[in-house]
Every structure is written in C-alpha cells, then in structure tokens.
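Structural overview
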Amino acid sequence: MSSLWTFREAERATGGTSTRPWRADDVSIDTRRNIDRAIFFAIIDRRDGHEFIDQAFRMGAAAAIVSRIPPDLPKRHPLLLVEDTVQALGSLGAAARRRAKGIVIGVTGSVGKTGTKDMIRTVLDGQGIVHAAERSFNNHLGVPLTLARMPRDATHTVVEIGMNRPGEITPLARLADLDVALVTTVAPVHMAAFDNLDDIARAKAEIFSGLRPAGSAIINRDQETFGILEAAANDAGATVVTFGRSDRADFHLVSVETDELSTVVTCRARGRILTARLSALVPHLALNLLGVLAVVDAVGLDLGDAVDALPDWQVPDGRGNRFRVRFREDNGGVVEIIDESYNANPTSMSAALESLASAIPGKRDAAGNAGRRVAILGDMLELGVDEERQHAQLARHPALEQIDSIHTVGNLMRSLHDALPKSKRGEWHEDADRLAGRISELLAPGDVAMLKGSAGTMVGKVVEAIRCAGLERGRRRGSSDRRPRHAGSPE
C-alpha cells in the first residue's frame, strides 16, 4: 500500500524543501495524540509548535514541516522547510483534495455540526471508504488537516466547517471543493460578531460558494432564514434539497417517538416512508437525521442501508450522552447524568432543557419516592449586547415547569439565577470549580441531572466531579477525552 504522503509530493504541494527523503502515513499538529509515522506540522499558534519537534520524533513522527530549524535538533530528523507552516498545511490540504477521486461533503450550522458529521460517517461507512473530521476539527487548521489526512482511496469525505465571524467559511468551503453542502440550522450563536440572525444565515450560506458546479445544497426548510440560504444556493448553481417539518420539504418529518434509551424518527423521503432509530434519547436531532438522509440521497447511495446503520451512531461526548453513577454508595442510589457540557447557545440550551424535562427520575428511597430533575447550567458565551437578557429569559422556558432545581455557573448565569422562582433557584457559583466542590450536596440518589454550558465555563469539570463522587456504571457511550491540547490543536 502506498504512503499517504511522500516528500516529493509534499514539496510540490507546499513549495518547501526537504532535508532528506521520507514517507508518511498520517498528518498531525498535536504531539498529545498518536503521531506515529505522521507528518508533524510545527504550527505557531498559542504556543510555538517548533518547541515540540524533538518530542514528535521521539513519538515516531516520520517528518516535520517547519518554518525554521531549531539549532539543537539532531540532523538525522527529516524536515520540510517552508515559509509559513499554517499556509503549508492549507496547501497540503488543497493538494489532497485535487488528487481525491471521491465525494466531499461539507457540514455547517449553528447547532449540531459534529453530531451530524458523525451521523453521516456512520451511515456511509458500510457503503464505501469513509474519511471524516475528528472531533470538532472545523476551523482554519482543522479543515485543511482533515483534507490532508484524507486517504487516497476514500470514496466519501465529511468535513465540518465552523465560524465565529463573517467571511470565515468561504475560504474553507472553497478549499474543500464540495460536492454536497449541508446547513443544519441557523440560530442566534456568536451574536457578538453579528447584528442579526439574517447576517448569521448569510455567513452560513458561504458554504455554498465552495460547491462544485451542480453540487447539492441541503437546507432546513423550517428556518425563518430559509430564503437567504436558498438564494445563496441558487446563486451557486446548486441543486437545492430541503428537509424539515414542512409538508413542502423533500425530506418531511412525520413523527418522533422516544423511550428511555432511543429515539424513533419517521419521515417521508420523496414519497417513501422511512423509519429510523437512534440509540440515544435525542429527539432534538430528528431534523438533523433528515438532513443526513438527504445527504445519502444526494450522493446516490441506498437510503434503506443508511437507516439500518443509524443505530450504530453514538452521541459525541459532552453533547447529550448519558451515563449513570452509583451515588453515595452507602445506600446504593443511582444518579443519571445527561452530559451536554461541550457547548451552549440559546437554541441548544432550549433543546437540552426539554430533554431533561422529559427524563424520568429514578427512585430516591425504599419508599418509592422519586428523585428530582436537576439542571446545572453554565454561561452561554458570545451572545452579544443583550447576553444578560437572553440568560434571564431562560427562567420563562416552559420546560422549567418539569425541572425541580437549577444550579448555575458564571457571571452571565447570575441573571438566570436571579430571575428564577425561589422554589427552583439552586446555588450560583462564579466558576465551575466551586460548584464541582459542592456536587455531593447538590445531587441525591434517584436524581437525573443535565449539565450544559459554553466550553469556556468548564462545566465539564462538574461532570468529572460527579464521576469521582460515585462509581460510574452503565455508561452508554465511550469515555470522554479531556486531555490538554497542543497549542496548534484545531479544537
């Protein structure tokens, strides 16, 4: 089997010069992950990746792409010298796309990008050789890295594309040179950089500028900004495919049903009734599932096979995965955790609250008394000038009628804490560490607790504190990986 990259190919792609011949089977910018036989890019970001070159070679790297050669580096190490390592990563990603013969699918949206990307990977996996972005590799480093790691024989590649401000998606979408582009939803996220929802829609619609001629644009028809997205897709010459609750949608949602462990979605797809099951309680992802089926249809694969594969999809860590801990082991009670700690915005927060409201608490004691529904909420960041009002508004969310107690973390969540009725007002703490230290007092056997907040509020620390407070059992998904990341990591 041929290598992923040879030094000659990398030289042609980047314009750089190698110190000695080499071959590599992977590409990496992060020495904290497996980089055996990989090209290590010495990215200069929050830290200078050149500080990690020797470590990369000790971990088995095949070569390093550098903009300077550290004077104390052993001369035996194969290096590719370039002017700018970030630009070189983009050039290598572009070269990988040019040589690719398979289909490339782009996913963007305000909510659900990573889960949707993983769902697409799952349903395509049995119908070809599928390559997809790892975790949330969706920025100016993550997208070219995903492309540069694309196997030569990949039949389908799924690229996640994110943004924080206008103009960020366009170069990434054009770099990916997409055959299919899916926009999951447009919601008031990153409002600090936008004046209104229409502007966010225009920024998300930039993904269509990266479509190849006659490519497919897949859009949620229920969006109030649908017209903006549709117009941008039409301007790009795309074939527009829609999904949603609307009867006019090509992929029309018929029903969503749930039990304790799964979500069953029925839809009408171009006149055909399909029923799909997800092995998780995620009714808020029903429309994303329809978008995934629209992708399958757009690339010409079998919808029935896709539906059969969907139960294999797993909820990404921190995005609604559930597990149980035996809490306060002396009386053997169990607490169920809904881990939504990866990120938060008003749309995803609403869905998470509804998920908690529908959860069934366990038994608190031998008398059969039920536990409580408990929310632990951290700040929603980057909402713009009215961020305090948007936090306080959560106190009026209908789902709170079914939630017994709300504990909050962060300065913005103080607005919600103050707006809550006293009967539901739990504790407020300035940071996650302080709340984590109180967790054994805030939860009790039989409770079901949902934790959610923007990544910057570190609500994940509270999740880890819960794990430490009891013996975890019956977890439905794989363990989380929250190791520190290298300065160049795209996450």
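Residues numbered from 1 in each chain as written. Predicted model: local features only at pLDDT ≥ 70, side-chain atom pairs only at ≥ 80, totals over all residues. Heavy atoms only, no water.

**Regarding the sheet that holds strand β2 (residues 17–18)**
What counts here: By this definition, two strands are paired if DSSP reports at least two bridges between them. Helix numbering and strand numbering both begin at the N terminus, where a helix is a DSSP run of H or I of at least 4 residues and a strand a DSSP run of E of at least 2. Note on definitions: a residue-residue contact is assigned when non-hydrogen atoms from the two residues lie within 4.5 Å. Axis definition: a line fit to C-alpha positions, over the contact stretch in the case of helices; interaxial angles, taken between N-to-C directions, run 0 to 180 degrees.
Taken in spatial order, the 5 strands of this open sheet run β2-β7-β6-β5-β4, and their pairing is mixed. Each end of this open sheet is capped by a strand with a single partner; those strands are β2 and β4 (26–28). Helix α3 (residues 85–99) rests against β4, β5 (38–41) and β6 (63–66) of the sheet, and its axis sits at about 145° to β5.

**Brief notes about the pairing of strand β16 (residues 272–278)**
If a strand is regular, its side chains alternate between the two faces of the sheet. Here strand β15 (residues 263–269) runs beside β16; their pairing, made up of 7 bridges, is antiparallel. Within β16, the position partnered with C267 by the bridge is L274. The antiparallel pairing of β15 with β16 creates a hairpin that spans 2 residues between the two strands, and R270 there sits at a positive phi of about 55°.

**Section: the packing of aromatic side chains**
To keep it simple, the criterion reads: Side-chain rings of Phe, Tyr and Trp, where Trp is taken by its six-membered ring, are said to pair if the distance between their centres is within 6.5 Å; with planes under 30 degrees apart they count as stacked, over 60 as edge-to-face, and otherwise as tilted. In this scheme, Lys NZ or Arg CZ marks a charge over a ring once it lies within 6 Å of the ring centre and within 35 degrees of the ring normal.
Enumeration according to the criterion identifies 0 aromatic pairs in this entry. Directly above the aromatic system of W428 lies the positively charged group of R414, at a separation of 4.6 Å from the ring centroid.

**Some remarks on helix α4 (residues 113–125)**
The condition is simple: Expected helix span is computed as 1.5 Å times (number of residues minus one). Using a 1.4 Å probe on the protein chains alone, a residue whose accessible area is under 20% of its type maximum counts as buried, one over 50% counts as exposed, and one in between counts as partly exposed.
Its 13 residues give α4 an end-to-end C-alpha distance of 18 Å, which sits within 8% of 18 Å, the value for a rise of 1.5 Å per residue. Counting buried positions along α4 gives 11 out of 13 residues, so the element sits mostly inside the fold. Every buried residue of α4 is accounted for by K113, T114, G115, T116, K117, D118, M119, I120, T122, V123 and L124.

**With respect to the pairing of strand β22 (residues 448–452)**
β22 sits mainly inside the fold: 5 of its 5 residues count as buried. Burial along β22 is two-sided: V448, M450 and K452 facing one way and A449 and L451 facing the other are all buried. Relative to β22, strand β18 (residues 333–340) runs parallel, the two being bridged by 5 bridges. Across the sheet, residue I337 finds its bridge partner in β22, namely A449. Looking at chain direction, strand β19 (residues 373–378) and β22 are connected through 5 bridges and run parallel. Counterpart to R373 in the pairing with β22 is V448.

**So, the pattern of salt bridges**
Note the following rule: What counts as a salt bridge is simple: a side-chain nitrogen of Lys or Arg found within 4 Å of a carboxyl oxygen of Asp or Glu.
Tallied over the full model, the rule gives 28 salt bridges. Across the pair R99 and E9 runs a salt bridge, and its minimum N-O distance is 3.8 Å. Note that R99 is positioned in helix α3 and E9 in helix α1 (residues 7–14), a separation of 90 residues in sequence. According to the relative accessible area criterion, E9 is buried, its value standing at 17%. Among the charged side chains, a salt-bridge network with shared partners connects R97, D177, D179 and R212.

**What about the nonpolar core?**
Basically, it comes down to this: In this description, a nonpolar core means a group of buried Ala, Val, Leu, Ile, Met, Phe, Trp, Tyr and Cys residues linked to one another through side-chain atoms lying within 4.5 Å.
If you look at the biggest cluster of nonpolar residues, it comprises 61 residues, and the most contacted ones within it are V27, F41 and F208. Tallying contributions element by element places α3 first for this core, with 6 residues. In contact with F41, not counting residues within four places along its chain, are V27, S28, I29, I65, T85, A88, L89 and L92. Counting residues in hydrophobic clusters, the runner-up holds 41 residues, among them V130, L289, V307 and W313.

**Overview of the sheet that holds strand β13 (residues 239–244)**
Strand order in the open sheet formed by 9 strands is β9-β10-β8-β11-β12-β13-β14-β15-β16, and the pairing between neighbours is mixed. The outermost strands of the open sheet, each flanked by one partner alone, are β9 (130–132) and β16. Strand-to-strand twist in this sheet, taken as the mean axis angle between neighbours without regard to direction, amounts to 20°. When strand β11 (residues 178–183) meets strand β12 (residues 211–220), the two strands line up parallel, connected through 5 bridges.

**Considering the environment of M450**
Its location among the elements puts M450 in strand β22. Its relative accessible area of 0% is what places M450 among the buried residues. For the pair M450 and G49, spaced 401 residues apart in sequence, the C-alpha separation works out to 37 Å. Residue contacts for M450: discarding those within four places in its chain leaves I338, E340, A352, L353, L356, V374, A375, I376 and L377.

**Considering the packing of α1 against α3**
Stated formally: Angle categories: roughly parallel below 35 degrees, roughly antiparallel above 145, roughly perpendicular from 65 to 115, and oblique for all the rest. Crossing handedness: left-handed means the near helix sits turned counterclockwise from the far one by under a right angle, and right-handed means the same turn made clockwise. By the convention adopted, Pro, Cys, Tyr, Trp, Phe, Met, Ile, Leu, Val and Ala count as nonpolar, Lys, Arg, Asp and Glu as charged, and the other residues, Gly among them, as polar.
Viewed as axis vectors pointing N to C, α1 and α3 meet at an angle of 110°, and their least axial separation amounts to 8 Å. Taken together, the axes of α1 and α3 are roughly perpendicular relative to one another. Handedness of the α1/α3 crossing: right-handed. Across the interface between the two elements, E9, A10, A13 and T14 of α1 pack against A88, S91, L92, A95 and R99 of α3. Across the contact of α1 with α3, the residue classes tally to 5 nonpolar, 2 polar and 2 charged.

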